[in-house]
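One letter stands for each residue in the lines below.
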Amino acid sequence: MTHRIFLLTALFFMSGCLGIPEGIEPIDEFEVNRYLGKWYEIARLDHSFERGLSRVSADYALRDDGGIRVVNRGFSEKKNQWKQAEGNAYFVQSPDAGYLKVSFFGPFYGSYVIFELDKEKYQYAYVSGPNRNYLWLLARTPEIDQEKIDRFIERSRELGFDVDNLIFVAHE
């Protein structure tokens, strides 16, 4: 009986982490091959697994099983060392929708929802997690122009994210 309760609780927890915040739609016409490669974190909402990190980047590469290998990397000034995490991502719906599930911790997945993307050049992306506590602005370069940052802030505010608590990531 205890095993069943644990299993049901785990399934409920895992499915809850794969949600999409109400009012947010993953992009369509997503081209994974254009998204692969290195992205720099420009801004984020704070969360424990990136707390205190600067120079944060993510590298995406195709896996043999059709998934995506994810390597997140950031520098801890406090510890004066690099921190790195490797995970896997898989499409939740279809490969042309910007809605993936990502895991860095075994069988536990969280949502990775691309809700805006520079579809012409794939130079910036707005990404959410399963709720409005997770938000990232990613770009192909460590710095982007203020107009793109302002647009990200305004769009994210309209969608109900707490943009007053955004962290702008240093890359020097």
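Quick note: structure is the one above.
Residues numbered from 1 in each chain as written. Predicted model: local features only at pLDDT ≥ 70, side-chain atom pairs only at ≥ 80, totals over all residues. Heavy atoms only, no water.

Looking at this structure, how should I read the pattern of salt bridges?
Side chains bearing opposite charge may pair, as long as their charged atoms lie close to each other. Considering all chains together, one arrives at 12 salt bridges under this definition. Here Asp 65 ties to Arg 63 by a salt bridge, and the two come within 2.9 Å at their closest N and O atoms. Here Arg 63 falls in the partly exposed class, since its relative accessible area comes to 31%. One salt bridge connects Asp 145 with Lys 148, and the closest N-O pair in it is separated by 3.1 Å. Residue classification places Asp 145 among the partly exposed residues on the basis of a relative accessible area of 38%. For Lys 148, a relative accessible area of 34% puts it in the partly exposed group. (Salt bridge = Lys/Arg side-chain N within 4 Å of Asp/Glu carboxyl O. Buried < 20%, exposed > 50% of the residue type's maximum accessible area, 1.4 Å probe, protein only.)

I'm lost on the side chain of Glu 50 in this one. Help?
Here Glu 50 is to be found in the loop between β1 (37-45) and β2 (53-62). Among buried charged residues, Glu 50 stands out as having no salt bridge; its nearest opposite-charge side chain is Arg 44, 4.2 Å away. Excluding residues that lie within four positions of it along the chain, Glu 50 makes contacts with Glu 41, Arg 44, Val 56 and Trp 136. (Helix = DSSP H or I, 4+ residues; strand = E, 2+ residues; numbered from the N terminus. Lys, Arg positive; Asp, Glu negative; His and termini not counted. Contact = heavy atoms within 4.5 Å.)

Help me understand empty space enclosed by the protein in this model?
By rolling a water-sized probe across the atoms, one finds the places where empty space is left. Scanning all chains against the criterion turns up one cavity of 30 Å³ or more. Taken as a whole, the largest cavity spans an internal volume of roughly 50 Å³. Elements represented by at least two residues in the lining of the largest cavity include exactly β3 (68-76) and β5 (99-105). When grouped by side-chain class, the residues that make up the lining of the largest cavity number eight nonpolar, no polar and no charged. (1 Å grid on protein atoms, 1.4 Å probe; cavity = no way out; pocket = protein on both sides within 12 Å on 5 of 7 lines; lining within 4 Å. Points joined across faces, edges and corners; volume = space filled by probe spheres on them. Nonpolar A, V, L, I, M, F, W, Y, C, P; charged D, E, K, R; others polar.)

Whenever I open this one, the layout of surface pockets confuses me. Can you help?
Each pocket or cavity is described by its volume, and for the largest pocket that value is around 760 Å³. The wall of the largest pocket is formed by 34 residues, among which Phe 49, Asn 72, Val 102, Phe 104 and Trp 136 lie closest to the centre. Of the residues contributing to the lining of the largest pocket, the split by class is 21 nonpolar, nine polar and four charged.

For this particular structure, what's the right way to read the pairing of strand β6 (residues 108-117)?
Side-chain positions along a regular strand alternate between the two faces of the sheet. Summarising burial for β6: seven of the 10 residues are buried, a large majority. Here β5 pairs with β6 via five bridges, running antiparallel. Paired with Leu 100 across the bridge in β6 is Tyr 112. The turn joining β5 and β6, which pair antiparallel and follow one another in sequence, is formed by two residues; a positive phi near 60 degrees is taken by Gly 106. Pairing geometry for β6 and strand β7 (residues 124-128), over four bridges, is antiparallel. Across the sheet, Val 113 pairs through a bridge with Ser 128, a residue of β7. The loop that links β6 with its antiparallel partner β7 comprises six residues; one of these, Tyr 122, has a positive phi angle of about 55 degrees. (Pairing = 2+ DSSP bridges.)

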